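Residues per chain, in single letters:
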Amino acid sequence: MEVKEIIRQENMVYQRSSLLTSKPFSYCPGCGHGTSNRLVAEVIEELGIQNDTIGVAPVGCSVLIYDFIDIDFSQAPHGRAPAVATGIKRVLPEKVVFTYQGDGDLAAIGTSETIHACNRGENITIIFVNNGIYGMTGGQMAPTTLPGMKTSTSPYGREVATMGTPLKITEMIAHLDGVNFVSRQAVHTPAAVRKAKKAIRAAFECQINKKGLGFVEIVSNCNSGWKMTPVKANQWMEENMFPFYPLGDIKVDGKLVKTL
Amino acid sequence: MKEFLLMKGNEAIAEAAIRAGADAYFGYPITPQSEIMEYLMTEKATERTGMVVLQAESELAAINMVYGAAGTGKKVLTSSSSPGISLMQEGISYIAGAELPCVIINVVRAGPGLGTIQPSQADYFQSVKGGGHGDYRLIVLAPSSVQEMADFVPLAFDLAFKYRNPALILSDGVIGQMMEKVELFKPIPRTEQFDQSWVITGKTPDRKANVITSLDLEPLPMEKHNHHLQAKYKKMEDEEVRFEEIMCDDADYIMVAYGSSARICSKALQLARAKGVKVGLLRPITLFPFPKVRIAELAQRVKGMLSVELSAGQMVEDIRLAVNGKIPVEHYGRFGGMVHSPSEVLEAFEKIFIKN
Ligand SMILES: Cc1ncc(C[n+]2csc(CCOP(=O)(O)OP(=O)(O)O)c2C)c(N)n1
Ligand code: SF4
Ligand SMILES: [Mg+2]
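Computed from a prediction, not measured in an experiment: that's the story for all the values here.

### Examining the coordination of the magnesium ion (ligand 3)
Residues and elements named next belong to chain A. At the metal site, the magnesium ion (ligand 3) is ligated by D103 (OD), N131 (OD1) and I133 (O), and these contacts range over 2.0 to 2.2 Å. Written as a sequence motif, the donor arrangement for the magnesium ion (ligand 3) is D-x27-N-x1-I. Accessibility assignment for this pair places N131 and I133 in one class, buried.

### Here we look at the pairing of strand β2 (residues 24–27) of chain B
All names here are of chain B. On β2, burial covers both faces: A24 and F26 on one face and Y25 and G27 on the other are all buried. Inspection of the sheet shows β2 paired to strand β3 (residues 52–55) by four bridges, in the parallel sense. Paired with A24 across the bridge in β3 is V52. As judged from the two bridges shared by β2 and strand β4 (residues 76–80), these two strands associate in the parallel manner. Note on β4: the bridge partner recorded for A24 is V76.

### Some remarks on the sheet that holds strand β1 (residues 53–57) of chain A
As summarised here, the arrangement of the nine strands in space is β10(A)-β9(A)-β7(A)-β8(A)-β4(A)-β3(A)-β1(A)-β2(A)-β10(B), forming an open sheet in which the pairing is mixed. The open sheet has two edge strands, β10 (255–256) of chain A together with β10 (211–212) of chain B, and neither has a second partner. Relative to strand β8 (residues 213–219) of chain A, strand β7 (residues 179–186) of chain A is paired through seven bridges, and the arrangement is parallel. Looking at the pairing, S183 of chain A lines up with V216 of chain A of β8 of chain A.

### Remarks on the nonpolar core
The biggest cluster of nonpolar side chains holds 129 residues, and the ones touching the most others in it are F26, M51 and M305 of chain B. Residue contributions to this core peak at 11 residues, all from helix α7 (residues 146–163) of chain B. Residues lining this core come from more than one domain, with at least three contributed by each of domain 1 (4–200 + 230–235) and domain 2 (243–354) of chain B. Apart from the residues lying within four places of it in its own chain, the contact partners of M51 of chain B are A17, I18, A22, D23, A24, Y25, L40, A45, T46, L77 and R190 of chain B. Listed in part, the 35 residues of the second largest apolar core include C31, Y100, V193 and A203 of chain A.

### Things to note about the site of ligand 2
Looking at ligand 2, the residues that line it are Y27, C28, C31, H33, C61, N131, G135, C222, N223 and S224 of chain A. For the shell around ligand 2, the class distribution of residues is five nonpolar, five polar and no charged.

### A few points about the site of ligand 1
Taken together, 17 residues form the shell around ligand 1, and within it H33, D103, G104, D105 and G135 of chain A come nearest. Bordering ligand 1 are residues originating from chains A and B. One of the backbone N or O atoms of D105 of chain A is found 2.8 Å from an oxygen atom in ligand 1. I133 of chain A is positioned such that a nitrogen or oxygen atom in its backbone is 3.1 Å from an oxygen atom of ligand 1. Considered on its own, ligand 1 offers 590 Å² of accessible surface; in the complex 77% of this is hidden by protein.

### Focus on the packing of aromatic side chains
Per the counting criterion, the structure on display carries 15 aromatic pairs over all chains. For the pair Y253 of chain B and F349 of chain B, a centre-to-centre distance of 5.2 Å together with 80° between the ring planes defines the contact as edge-to-face. With Y253 of chain B in strand β12 (residues 253–256) and F349 of chain B in helix α13 (residues 342–354), this pair connects stretches of sequence that are 96 residues apart. Each member of the pair Y253 of chain B and F349 of chain B is classed as buried. Members of the aromatic cluster, each reached through a chain of ring pairs, are F25, Y27 and F68 of chain A. We note K168 of chain A situated over the ring of F244 of chain A; from NZ or CZ to the ring centre the distance is 4.5 Å. Geometry around F157 of chain B places K75 of chain B over its ring, the cationic atom sitting 5.5 Å from the centre.

### Considering the pattern of salt bridges
All names here are of chain A. Per the stated rule, a full pass over the model turns up 38 salt bridges over all chains. Of the charged contacts, one joins E42 and K197 as a salt bridge, the two residues approaching to 2.8 Å between their closest N and O atoms. Within this pair, whereas E42 is found in helix α2 (residues 32–47), its partner K197 is found in helix α9 (residues 190–208), the two being separated by 155 residues in sequence. For the pair shown, E42 and K197 are each scored as buried. A single salt-bridge network, built from bridges that share partners, covers R38, E42, E46, K197, R201 and E205.

### What to know about the packing of helix α4 (residues 81–91) of chain A against helix α6 (residues 111–119) of chain A
All names here are of chain A. Axis separation between α4 and α6 bottoms out at 7 Å; the angle between their running directions is 40°. By the angle between their axes, α4 is oblique relative to α6. On α6, the residues that touch P82, A83 and T86 of α4 are E113, T114 and A117. For the contact of α4 with α6, the class distribution of residues is three nonpolar, two polar and one charged.

### Points about a nonpolar patch on the surface
Among the surface-exposed residues, M1, V3, I6 and I7 of chain A lie close enough to one another that they form a single nonpolar patch of about 470 Å² accessible area. Tracing the backbone shows I6 of chain A in helix α1 (residues 3–6).

### Some words on the environment of K211 of chain A
By secondary structure assignment, the location of K211 of chain A is in the loop between α9 and β8. A C-alpha to C-alpha distance of 6.3 Å links K211 of chain A and N180 of chain A, two positions 31 residues apart in sequence.

### Some words on the interface of chain B and chain A
Contact with chain B, which involves 33 residues of that partner, is made by 33 residues of chain A. Buried surface at the junction of chain B and chain A, both sides included, amounts to about 2,600 Å², of which 63% is carbon and sulfur. For the pair chain B and chain A, the interface holds two salt bridges. If you look at where chain B meets chain A, you find 11 residue pairs in polar contact (both at pLDDT 80 or more). Every element with two or more residues in the side of chain B that touches chain A is listed here: β2, β3, α4 (59–70), α5 (82–97) and β10 of chain B.

### A short note on the sheet that holds strand β15 (residues 304–308) of chain B
Residues and elements named next belong to chain B. Here five strands make up an open sheet; going across it, the order is β11-β13-β12-β15-β16 and the pairing mixed. The sheet is open, and its two edges are formed by β11 (243–246) and β16 (329–332), each paired on a single side. If you compare each strand with its neighbour and ignore which way they point, the axes differ by 20° on average. Bridge count between β11 and strand β13 (residues 279–284): four bridges; the pairing is antiparallel. What sits directly across from I246, in β13, is L281.

### Quick word on the packing of α4 of chain A against α4 of chain B
Running from N to C, α4 of chain A and α4 of chain B cross one another at 50°; their axes reach a closest spacing of 6 Å. The pairing of α4 of chain A with α4 of chain B is recorded here as oblique in orientation. Both α4 of chain A and α4 of chain B take part in a crossing whose hand is right-handed. Residue-level contacts link A83, V84, T86, G87, I88 and V91 of chain A of α4 of chain A to A61, N64, M65, Y67, G68 and A69 of chain B of α4 of chain B. Within the contact of α4 of chain A with α4 of chain B, the residues separate by chemical class into eight nonpolar, four polar and no charged.

About the criteria used
Residues numbered from 1 in each chain as written. Chains lettered and ligands numbered in written order. Predicted model: local features only at pLDDT ≥ 70, side-chain atom pairs only at ≥ 80, totals over all residues. Heavy atoms only, no water. Donors = N, O, S within 2.8 Å, 3.2 Å for Na, K, Ca; no water. Buried < 20%, exposed > 50% of the residue type's maximum accessible area, 1.4 Å probe, protein only. Helix = DSSP H or I, 4+ residues; strand = E, 2+ residues; numbered from the N terminus. Pairing = 2+ DSSP bridges. Core = buried A, V, L, I, M, F, W, Y, C linked by side-chain atoms within 4.5 Å. Domains from an automatic or database assignment. Contact = heavy atoms within 4.5 Å. Near = heavy atom within 4 Å. Nonpolar A, V, L, I, M, F, W, Y, C, P; charged D, E, K, R; others polar. Polar contact = N/O pair within 3.5 Å; in protein donor to acceptor, adjacent residues only side chain to side chain. Areas by Shrake-Rupley, 256 points an atom, 1.4 Å probe, with all protein chains shown as cover. Phe/Tyr/Trp six-rings, centres within 6.5 Å; stacked < 30°, edge-to-face > 60°. Lys NZ or Arg CZ within 6 Å of the ring centre and 35° of its normal. Salt bridge = Lys/Arg side-chain N within 4 Å of Asp/Glu carboxyl O. Axes fitted to C-alpha atoms, helices over the stretch in contact; angles between N-to-C directions. Parallel < 35°, antiparallel > 145°, perpendicular 65-115°, else oblique. Patch = residues over 30% accessible without salt bridge, like charges linked within 9 Å, V, L, I, M, F, W, Y side chains within 5 Å. Buried area = accessible area lost by both parts, 1.4 Å probe. Left-handed = near helix turned anticlockwise from the far one by under 90°.

Shape descriptors only; they carry no functional weight alone.
This is the structure we're talking about:
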């Protein structure tokens, strides 16, 4: 029996986005990247912009996002996705261009490209998956790693005195005039997923309406890097990451909606 | 009617980029090439042709903007000078790996480090041996006049698109800053008449998604890709070698020099000939592919070769490889920002080959 014989079309409330390829995600089970990739695919499909959208893939666990979402992509050198996206958008201003980046990519090696693309008000969309760690290279400390958090390069915990405090780059770029929409979300529960999707959609709409840069941070887990089970990782994220990286919209329609 | 202008080398490049139908320029200021972006802005390139001109926050950003825009199949260029080109190397390696066409201009200054803004040819190795990580080559053109600064821009674009490979115009502070008469070519419209099958412009239902990438997690396909790249570089070596010969036919000795050093050597050659010494000049126009076959031929019948470079001796290694021990090959050159004079070249030549 096929799915369509079991579920009648009028009763269908959810189905897999046609933009997702048949390739299985390369992410660890329980990782937030899978859900985040899916939401991006769904939003592009629902907005009907798949023929006009070009993605920029980072260096990090999500480097292969171009294998999972069936649209044109450019892979970028580590941290340079906003510059690559700038190049594409400037010569194809009518196309929709987005980057999908991790926290090491966006907030460490690519800080300069991030800030300057935001400051120029590039009419692009940035999806930023912050898991507080370098997932791909095996769980080293990132600028976003929480104080005291253990990683392979801060094995006794991040010591603020010598390693600094976590970088809240999302709050930083929210102050820039070129940035029109900023939101911080999560994808660990169905309710969070719905909100995250709404924010991603708003960030793309911001670009389509030529209002400036739209930026969505997704606070996520890295159960492998954190060395926790998926369930434990989500719990730890709620208890530790969310107080430091509070969820919600930060800037809407060019106006700060949260005191920072 | 022919259009002659008196221009700086850097201005000629900028005007040529507009006329060549470039779609975008991304750059970051650095002496001695800042006139390129200044000219594009002052002469309103965007108004004239619709070309995008954007000052990036760094050379790192500039080359990655080039990488992004080149993936869409547009004609894109950047320019910089030595330290900035060093900073671009990761991006250039990605562009070569992903097989994107683009034009890069290096108006070389002396190093290492911050060095000096004076002219130099010490970026030869970085230009012809790849420069960044991995096995790749750039097509390298070496202009020796303001005229060639202009003419090599459309040539570089043609070669870049023909091979889907970055093309580098390797100039230096002398050619970039000096003023000469140039005859400008007629503007070429901003069109795309090449194979567009690989570009990222949005996946339409009639085709598969295009992905610009240099990544393959598996070593076997990666090796295959590398073989493909090597075959491409071999084809360039077979088909794209360009050089100029001055009085090589009856020469007993050959000077090999490119760019500004070749101009100095052509004067040194006259001085030598006036003294009755039969010297010829071989000027490589493409540094990669290098005119090694011709150099090997000449080595069959001349007594020695002198590589004259504004460096401690880099191209001399490629000449020696081509000559393969048949005759002596020596190097002479001032460097670190100093420029040799024709009489210094002649004196060095005589000391090495005649007086001993
Ligand atoms: C220039 C350069 N430096 C370092 C690396 C190695 N590297 C690959 S991914 C990565 C960190 C990625 O972390 P993040 O952006 O947080 O992505 P995640 O895997 O956590 O999603 C690093 C350092 C590289 N590929 N290139
Ligand atoms: S290493 Fe971490 S970020 Fe990467 S896929 Fe696994 S859980 Fe996700
Ligand atoms: Mg990370």
